[in-house]
Amino acid sequence: LFCATFYHFYVNDATGGIGIMMRKVIQEYMMLPTLMQLEKLEDKNFAVFLVSLFMQLVSILQMNLFFGPTFNPYNIFARKPKQSATKTKIEKDRKKKQ
């Protein structure tokens, strides 16, 4: 939902409060020398580029070599998910049998 909302406001809200604020914030970060060329893109192409970059980075971070499939970019400080009750019960039964 984040990507769709960002795209919608950045592309379609050129005169509204949210669109203007987003453009100002992004322009502040665009002062980095490597990103200066991106500023020349049209709004639609720039939004597609940022959404694509975000999606690619998240998919790389969800690989097993990094954070794994449970990685959530929206809640990076979340605890690890708890084991299900059935899985815990099965593990306890196995320990009793040993």
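Quick caveat, the model's predicted, so the values are computed rather than measured.

**Details of the nonpolar core**
- Judged by nonpolar contacts, Cys-3, Phe-6, Tyr-10, Met-22, Ile-26, Met-30, Leu-38, Phe-46, Ala-47 and Val-51 together constitute the single largest core of 10 residues.
- For this core, the elements supplying multiple residues, two or more each, are α1 (2-12), α2 (17-29) and α3 (43-61).
- Sequence-distant contacts of Leu-38, defined by excluding residues within four places in its chain, comprise Met-30, Phe-46 and Phe-49.

**What to know about the environment of Asp-13**
- Checked against the element boundaries, Asp-13 lands in the loop between α1 and α2.
- With 10 residues separating them along the chain, Asp-13 and Arg-23 place their C-alpha atoms 10.0 Å apart.
- Every residue in contact with Asp-13, bar those within four places of it in the chain, is listed here: His-8, Ile-18, Gly-19, Ile-20 and Arg-23.

**A closer look at the packing of aromatic side chains**
- Enumeration over the complete set of coordinates arrives at 6 aromatic pairs.
- Ring geometry for Phe-54 versus Tyr-74: centroids 6.0 Å apart, planes at 45 degrees, classification tilted. A residue pair is termed long-range when its members are at least 10 positions apart, and Phe-54 in helix α3 and Tyr-74 in the loop between α3 and α4 (85-97) qualify at 20 residues.
- Directly above the ring of Tyr-10 sits Arg-23, whose terminal nitrogen or CZ lies 4.6 Å from the centroid.

**As for the confidence of the model for the protein chain**
- Per-residue confidence for the protein chain averages 80 on the pLDDT scale, and 74% of its residues sit at or above 70.
- Averaged pLDDT values for the elements of the protein chain fall to 65 in α4 and rise to 91 in α1.

**Some words on the packing of α1 against α3**
- Direction vectors running N to C along α1 and α3 enclose 165 degrees, while the axes themselves pass 9 Å from each other. Classified by the angle their axes make, α1 and α3 are roughly antiparallel. Where α1 crosses over α3, the two elements pack in a sense that is right-handed. Of the residues in α3, those touching α1 at Phe-2, Cys-3, Phe-6, Tyr-7, Tyr-10 and Val-11 are Asp-43, Lys-44, Phe-46, Ala-47, Val-48, Leu-50, Val-51, Phe-54 and Met-55.

**Overview of the pattern of salt bridges**
- All told, the structure shown has 1 salt bridge when counted by the stated rule.
- With its nearest N and O atoms 2.8 Å apart, the salt bridge here joins Asp-43 to Arg-23. With Asp-43 in helix α3 and Arg-23 in helix α2, the pair connects residues that are 20 residues apart, well separated along the chain.
- Residue class for Asp-43 comes out partly exposed when judged on its relative accessible area of 31%.
- Taking the relative accessible area as the measure of exposure, Arg-23 reaches 13% and is therefore buried.

Parameters at a glance
Residues numbered from 1 in each chain as written. Predicted model: local features only at pLDDT ≥ 70, side-chain atom pairs only at ≥ 80, totals over all residues. Heavy atoms only, no water. Core = buried A, V, L, I, M, F, W, Y, C linked by side-chain atoms within 4.5 Å. Buried < 20%, exposed > 50% of the residue type's maximum accessible area, 1.4 Å probe, protein only. Helix = DSSP H or I, 4+ residues; strand = E, 2+ residues; numbered from the N terminus. Contact = heavy atoms within 4.5 Å. Phe/Tyr/Trp six-rings, centres within 6.5 Å; stacked < 30°, edge-to-face > 60°. Lys NZ or Arg CZ within 6 Å of the ring centre and 35° of its normal. pLDDT = per-residue confidence, 0-100. Axes fitted to C-alpha atoms, helices over the stretch in contact; angles between N-to-C directions. Parallel < 35°, antiparallel > 145°, perpendicular 65-115°, else oblique. Left-handed = near helix turned anticlockwise from the far one by under 90°. Salt bridge = Lys/Arg side-chain N within 4 Å of Asp/Glu carboxyl O.

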